[in-house]
Amino acid sequence: MSVEEIPLFKVLMAPEAHQEISAVMRSGHIAQGQIVEDFEQRLNLALELDKRQQALTVNSGTSALHLALHLAGVGPGDIVAVSPMTCAATIIPILHLKARPLWIDVDPITGLMNPLDLRAKLAAFSLPHDSVKAVVAVDWAGTPCNYPAIRAAIRESGIRSQLSIVEDAAHAFGAKNEHGTSIGLAPYIDNSIDHYVCWSTQAIKHLTTGDGGILLAPPYQTERARKLRWFGLDRRSKTDFRAGQQIEEAGYKFHMNDLSAAIGNGNLKRAVRAVSEHQANASFYHHMFKDLKRIHVPPWHGGSSYWIYTILVDDRDSFVEFMKLRRIATSQVHRRCDEHPAFVRDDACSRAAGTWASQGLDFFSKHQVSIPCGWWLSPSEVGYIAETVIKWANS
Ligand SMILES: Cc1ncc(COP(=O)(O)O)c(C=O)c1O
């Protein structure tokens, strides 16, 4: 066993990525071009999408979320129902679009959006003057939320406006839904409510492009999204995009470039394998920890990508210290977002819904902690981590 700390995250850079990126560097073309197109075709296959769907790359998961909210029609004064147990990146685009977050409670054990609380909150906002435009749910650790229940909550809420689901799948590359199919495919099969999926390909994700993101929009929005990611101009058109085109809708500078796409192309195969490695380690932990006294483990989800392996412990400070002394990195990864002053100044909960009930969030955010479970761990390291966790639980 090495004396260095076992890390919680590691950058996965396949040898093929070095070759792909040096070819692009030598080519003289590094902006968005054919390499991005190739990467997107490969992503369609890796994400097991339907022929009518198209994965669109962007320069970050945050940009994917921002673009999805824009496409969903979110604008000034609108309300976006969102899980506060997430990265700040989930909330910031809502604020930049001048909308207000409506905090929805999470399950105390999984940290995933609680559809019953969503239903209650949406019912409270079903007045004609209110405009709830989107529900942003976060696939914590790579485990998909219960989208059938979220869709049912939306349908039963009495909300009359067009309301979209934005799935923050930043952790969930390679994840599958409750039917065992790609999380990208499910929203298309059930197309009664617009559903956007946003992945991140930032440095430490299963699939990295350095920084980057992937947006899957409902098929009728794909071409609009393709333009909006680059100012509102059509790079594929025969009409010169420098001076020949007019912008009908103001877009963003959110596109991916060929350098990032080359890294993605080189890493894609290895990343798919990495998901299985994370899942195998998570399965071992699940089996080892499920009956321990001081620890709760979330129910097993066969489709989770297990980007992180999150457990709930009765005394987090003592757990973190115990693991640190034994050279094992742990982390909360994200803190609850309803505590950031910048996010609550204008949140819809304190403004309109009164004090918000957050029992699930209170419990999850107080007790959750993640332990290393990634592709970089040797079998002996996985065994050592499990043994150490069990030692703490029995102490
Ligand atoms: C839950 C969640 N959403 C969004 C993001 C933003 O992704 P990016 O860093 O690619 O912008 C992250 C980043 O890790 C995240 O963890």
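Let me begin by describing the structure that accompanies this report. (Residues numbered from 1 in each chain as written. Predicted model: local features only at pLDDT ≥ 70, side-chain atom pairs only at ≥ 80, totals over all residues. Heavy atoms only, no water.)

### Some thoughts on the nonpolar core
Then comes step 1: The biggest cluster of nonpolar side chains holds 61 residues, and the ones touching the most others in it are Leu69, Leu118, Ile150, Ile154 and Leu215.
Then comes step 2: Here this core takes six residues from helix H3 (residues 61-71), the largest share from any one element.
Then comes step 3: With sequence-adjacent residues up to four places away left out, isoleucine 154 is seen in contact with Leu118, Leu122, Val135, Leu163, Ile165 and Ile193.
Then comes step 4: Among the nonpolar cores identified, the runner-up in size contains 31 residues, and Ile6, Leu12, Val369 and Ile371 belong to it. (Core = buried A, V, L, I, M, F, W, Y, C linked by side-chain atoms within 4.5 Å. Buried < 20%, exposed > 50% of the residue type's maximum accessible area, 1.4 Å probe, protein only. Helix = DSSP H or I, 4+ residues; strand = E, 2+ residues; numbered from the N terminus. Contact = heavy atoms within 4.5 Å.)

### Comments concerning the pairing of strand E6 (residues 195-200)
Then comes step 1: With respect to burial, E6 is a largely interior element, six of its six residues being buried.
Then comes step 2: Neither face of E6 is left uncovered, since the one carrying His195, Val197 and Trp199 and the one carrying Tyr196, Cys198 and Ser200 both have all their residues buried.
Then comes step 3: Note that strand E5 (residues 164-168) and E6 share four bridges and pair parallel. Across the sheet, the residue bridging to isoleucine 165 is histidine 195, located in E6.
Then comes step 4: Across four bridges, E6 lies against strand E7 (residues 213-216) in antiparallel orientation. Each bridged residue has a counterpart across the sheet, and for cysteine 198 the counterpart in E7 is leucine 215. (Pairing = 2+ DSSP bridges.)

### Points about the pattern of salt bridges
Then comes step 1: Tallied over the full model, the rule gives 15 salt bridges.
Then comes step 2: The shortest N-O distance in the salt bridge between arginine 236 and glutamate 37 comes to 2.9 Å. In this pair, arginine 236 is assigned in the loop between helix H8 (222-228) and helix H9 (258-289) and glutamate 37 in helix H2 (residues 34-46), connecting sequence segments 199 residues apart.
Then comes step 3: Between glutamate 277 and arginine 270 there is a salt bridge, with its nearest N and O atoms 3.0 Å apart.
Then comes step 4: We classify glutamate 277 as partly exposed; its relative accessible area is 24%.
Then comes step 5: For arginine 270, a relative accessible area of 16% translates into the label buried. (Salt bridge = Lys/Arg side-chain N within 4 Å of Asp/Glu carboxyl O.)

### Observations concerning the environment of alanine 172
Then comes step 1: In this fold, alanine 172 is placed in the loop between E5 and helix H7 (186-189).
Then comes step 2: Overall, alanine 172 belongs to the buried group, its relative accessible area being 0%.
Then comes step 3: When the C-alpha atoms of alanine 172 and glycine 142 are compared, they prove to be 3.8 Å apart, with 30 residues separating the residues in sequence.
Then comes step 4: Setting aside chain neighbours within four positions, we find alanine 172 in contact with Asp139, Gly142, Ile183, Trp199 and Ser305.

### Looking at unusual backbone geometry
Then comes step 1: The backbone phi angle of lysine 98 is positive, close to 65 degrees, even though this residue is not glycine.
Then comes step 2: Looking at the element boundaries, lysine 98 is found in the loop between helix H4 (88-96) and strand E3 (100-103).
Then comes step 3: Even without being glycine, valine 333 reaches a positive phi, approximately 65 degrees.
Then comes step 4: Within the secondary structure, valine 333 sits in the loop between helix H10 (316-325) and helix H11 (341-344).

### Re the side chain of histidine 195
Then comes step 1: Mapped onto the fold, histidine 195 is located in strand E6.
Then comes step 2: Assessed through its relative accessible area of 6%, histidine 195 is described here as buried.
Then comes step 3: A polar atom in the side chain of histidine 195 sits 2.8 Å from the side chain of glutamate 167.
Then comes step 4: When residues no more than four places from it in sequence are discounted, the contact partners of histidine 195 are Tyr147, Arg151, Ile165, Glu167, Pro187, Leu216 and Pro218. (Polar contact = N/O pair within 3.5 Å; in protein donor to acceptor, adjacent residues only side chain to side chain.)

### Quick look at the sheet that holds strand E2 (residues 79-82)
Two pairing modes exist for strands in a sheet, parallel and antiparallel, and in both the strands are linked by backbone hydrogen bonds.
Then comes step 1: Pairing is mixed across the open sheet formed by seven strands, whose spatial order is E1-E7-E6-E5-E4-E2-E3. Edge positions in the sheet fall to strand E1 (55-58) and E3, since each of these pairs with one other strand and no more. With direction set aside, neighbouring strand axes in the sheet form an average angle of 25 degrees.
Then comes step 2: Strand contacts of H2: E1 and E7, with the helix running at about 135 degrees to E1, the strand carrying the most contacts. (Axes fitted to C-alpha atoms, helices over the stretch in contact; angles between N-to-C directions.)

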